[in-house]
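Each chain is listed here by its residues.
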Amino acid sequence: MALISLHNVSKTYPPARKGEPPVAALQEINLEIEVGEIFGIIGYSGAGKSTLVRLINALESSTSGTITVDGRQVSGVPERKLKSIRLGIGMIFQQFNLFNSKTVRNNIAYPLRVAGQSKAEIAARVDELLAFVGLTDKADSYPEQLSGGQKQRVGIARALAAAPKILLADEATSALDPETTHEVLALLRRANRELGITIVVITHEMDVIKNLATRVAVMDGGRIVEQGDVFEVFSNP
Ligand code: ADP
Ligand code: ADP
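What counts, and where the lines are drawn
- Residues numbered from 1 in each chain as written.
- Chains lettered and ligands numbered in written order.
- Predicted model: local features only at pLDDT ≥ 70, side-chain atom pairs only at ≥ 80, totals over all residues.
- Heavy atoms only, no water.
- Phe/Tyr/Trp six-rings, centres within 6.5 Å; stacked < 30°, edge-to-face > 60°.
- Helix = DSSP H or I, 4+ residues; strand = E, 2+ residues; numbered from the N terminus.
- Lys NZ or Arg CZ within 6 Å of the ring centre and 35° of its normal.
- Core = buried A, V, L, I, M, F, W, Y, C linked by side-chain atoms within 4.5 Å.
- Buried < 20%, exposed > 50% of the residue type's maximum accessible area, 1.4 Å probe, protein only.
- Polar contact = N/O pair within 3.5 Å; in protein donor to acceptor, adjacent residues only side chain to side chain.
- Contact = heavy atoms within 4.5 Å.
- Pairing = 2+ DSSP bridges.

Visitor: What am I meant to see in the packing of aromatic side chains here?
Guide: Each aromatic ring pair is summarised here by two numbers: the centre-to-centre distance and the angle between the ring planes. All chains considered together, the criterion is met by one aromatic pair. Between phenylalanine 99 and tyrosine 110, the aromatic rings sit 4.7 Å apart at their centres with planes inclined by 55 degrees, giving tilted as the arrangement. Residue phenylalanine 99 is found in the loop between β6 (89-93) and α3 (104-114), and its partner tyrosine 110 is found in helix α3; the two are separated by 11 residues along the sequence. It is arginine 190 that lies over the ring of phenylalanine 132; its NZ or CZ is 4.4 Å from the centre.

Visitor: Can you walk me through the nonpolar core in this structure?
Guide: Side chains of nonpolar character tend, in soluble globular proteins, to be buried together. Ranked by size, the top nonpolar core spans 44 residues in total, and within it Ile92, Ile108, Ile156 and Leu188 carry the most contacts. Looking at this core, the element that brings in the most residues is helix α4 (residues 119-133), giving six residues. Listed in part, the 29 residues of the second largest apolar core include Ile29, Phe39, Ile67 and Leu82.

Visitor: Is there a simple way to think about the side chain of glutamine 152 in this case?
Guide: Turning to its location among the elements, glutamine 152 is positioned in helix α5 (residues 148-160). Here glutamine 152 falls in the buried class, since its relative accessible area comes to 0%. Of note is the side chain of glutamine 152, whose polar atom sits 2.8 Å from the backbone oxygen of alanine 172. If sequence neighbours within four positions are ignored, glutamine 152 has contacts with Ile92, Phe93, Phe96, Ala172, Leu176 and Val184.

Visitor: It is not clear to me how the sheet that holds strand β2 (residues 23-33) should be interpreted in this structure. Could you clarify?
Guide: What holds strands together in a sheet is hydrogen bonding between their backbones, with the strands either parallel or antiparallel. Ordered by their spatial adjacency, four strands build an open sheet running β2-β1-β4-β5, and the pairing between neighbours is antiparallel. Looking at strand neighbours, the two that pair on one side only are β2 and β5 (72-73), the edges of this open sheet. Pairing geometry for strand β4 (residues 64-69) and β5, over two bridges, is antiparallel. Considered in β5, the bridge of valine 69 is made with arginine 72.

Below is the structure:
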């Protein structure tokens, strides 16, 4: 069974102004992401990528269709049940979304505190994560003292903290220069290989998908217009 599965999923937003038509952000999406793969979702701005992420992460509900994550139905589920589904998904973002008033260590510790782990457990886990992302010497620095690439490594460590099965990377390298992008992509590849985490990469950058993903879905106008192995999809004329 696929780790993430969407069946005939549509999402319509009400019109922004009276008299305008509703916005069909997603239309009849069918998608299966398997355990252990790196799956890319690519499309221009407005294609529906962020909406898709919010549905998988159970931050919003679909208008129709079914979504399952790790064998559990996400659509039409009460809010209190969604919390544990969200804990199984780590997120990283274009603007890193770090807490600027917290040190690197406390940023990474945050989800573990929310999950109610003990101080000793948290300290040990954070040390392990700092080593994994190569930032042991920056543990007591604040985000503003870090480069963009270092900030995203903190973001990755925080996303991995609660040992999720899935990592959603939403334009995670779009604010980084090419060299730093390669560093971050290498780290994501290691998370996939060494930790077995399934990664979903959302981006408008074809190079990111080519470098990282094995399969890809191409989105346009709220639909998946093409889907398959990266090599095949991008070699089509
Ligand atoms: P992408 O992430 O690919 O840029 P989005 O999922 O953000 O695409 O947007 C898809 C479409 O849905 C766009 O037309 C956008 O304007 C619309 N949309 C996204 N979020 C909302 C919202 N909260 N309310 C109304 N319309 C939205
Ligand atoms: P609550 O569920 O009590 O409203 P929050 O909105 O603070 O809690 O956080 C909800 C989830 O989002 C938490 O699991 C937390 O780890 C995550 N979260 C909150 N703020 C951020 C952030 N800036 N970046 C990444 N994840 C965050």
